[in-house]
Amino acid sequence: LQLVQSGETLVQSGGSLKLSCTASGFTLDYYAVGWFRQAPGKEREGVACVSSSDGSTHYADSVKGRFTISRDTAKNTVYLQMNSLKPEDTAVYFCAVDTKVPVNPWLSEYWLGAWGQGTRVTVSS
């Protein structure tokens, strides 16, 4: 079971970016998917997740209204559309899966399935 993420990207402040997370060896629709990020010197934090049962989405306050998580069933992929990017969004972004959205989806240790390799996103001011 493997999650493959899109490559490293540099974008200017105020710009947009779409990250992808593609599953290999399993059907992503059957799993909840979370997106996390880890800035230098900081702990990994959850930013968005999507349920496998009803497709409901949830966002951290820091990204609400700017980021959108979505699925593409045909491509076995989950995306994170990031708009109005800020320098403080600079981090390595990870996707993760679990059989359902964990009780606390914002803590990485609750996600017990596969993790992507990470995508470095740099937002320049």
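The structure under discussion appears in the preceding block.
Everything quoted here is computed from the prediction, not taken from an experiment. (Residues numbered from 1 in each chain as written. Predicted model: local features only at pLDDT ≥ 70, side-chain atom pairs only at ≥ 80, totals over all residues. Heavy atoms only, no water.)

Q: Summarise the packing of aromatic side chains; cite the residues concerned and give the values.
A: Counted by the stated rule, this structure contains four aromatic pairs. Both rings, one in Phe36 and one in Trp111, keep their centres 5.9 Å apart while their planes meet at 85°; by these two values the pair is edge-to-face. Of this pair, Phe36 sits in strand 4 (residues 32-38) while Trp111 sits in the loop between strand 9 (91-98) and strand 10 (119-124); the two residues are 75 residues apart in sequence, bridging distant segments of the chain. Trp111 carries the same exposure label as Phe36, and that label is buried. Pairing Phe94 with Trp115 gives two aromatic rings, centres 6.4 Å apart and planes at 70°, and the pair type is edge-to-face. Here the residue Phe94 occupies a position in strand 9, and Trp115 occupies one in the loop between strand 9 and strand 10, the gap between them amounting to 21 residues. Phe94 sits in the buried class, given a relative accessible area of 11%. Members of the aromatic cluster, each reached through a chain of ring pairs, are Phe36, Phe94, Trp111 and Trp115. The ring of Tyr79 has Lys18 sitting right over it, with the charged end atom 4.4 Å from the ring centre. The lysine or arginine in question, Arg44, covers the ring of Phe94, its NZ or CZ lying 3.8 Å from the ring centre. (Phe/Tyr/Trp six-rings, centres within 6.5 Å; stacked < 30°, edge-to-face > 60°. Helix = DSSP H or I, 4+ residues; strand = E, 2+ residues; numbered from the N terminus. Buried < 20%, exposed > 50% of the residue type's maximum accessible area, 1.4 Å probe, protein only. Lys NZ or Arg CZ within 6 Å of the ring centre and 35° of its normal.)

Q: Explain the side chain of Ser20 to me, using residue names and the numbers behind them.
A: Along the chain, the position of Ser20 falls in strand 3 (residues 17-24). On the basis of relative accessibility, which here comes to 17%, the residue Ser20 falls in the buried class. Excluding residues within four positions of it along the chain, Ser20 makes contact with Val4, Gln5, Ser6, Trp35, Thr77, Val78 and Tyr79. (Contact = heavy atoms within 4.5 Å.)

Q: Give me the sheet that holds strand 8 (residues 77-82): which residues, what numbers.
A: Strand order across the open sheet formed by four strands is 1-3-8-7, with antiparallel pairing between neighbours. Only two strands of the sheet have a single neighbouring strand rather than two, namely strand 1 (2-5) and strand 7 (67-72). Pairs of neighbouring strands in the sheet enclose a mean axial angle of 20°, with direction left out of account. Across six bridges, strand 3 lies against strand 8 in antiparallel orientation. Its bridge partner being in strand 8, Leu17 is matched across the sheet by Met82. (Pairing = 2+ DSSP bridges. Axes fitted to C-alpha atoms, helices over the stretch in contact; angles between N-to-C directions.)

Q: How would you summarise the environment of Ala114 if you had to cite specific residues and measurements?
A: Among the structural elements, Ala114 can be located in the loop between strand 9 and strand 10. Sequence-wise, Ala114 and Leu19 are 95 residues apart; in three dimensions their C-alpha atoms are separated by 17 Å. Sequence-distant contacts of Ala114, that is, excluding residues within four places in its chain, are made with Leu1, Leu3, Cys95, Ala96 and Val97.

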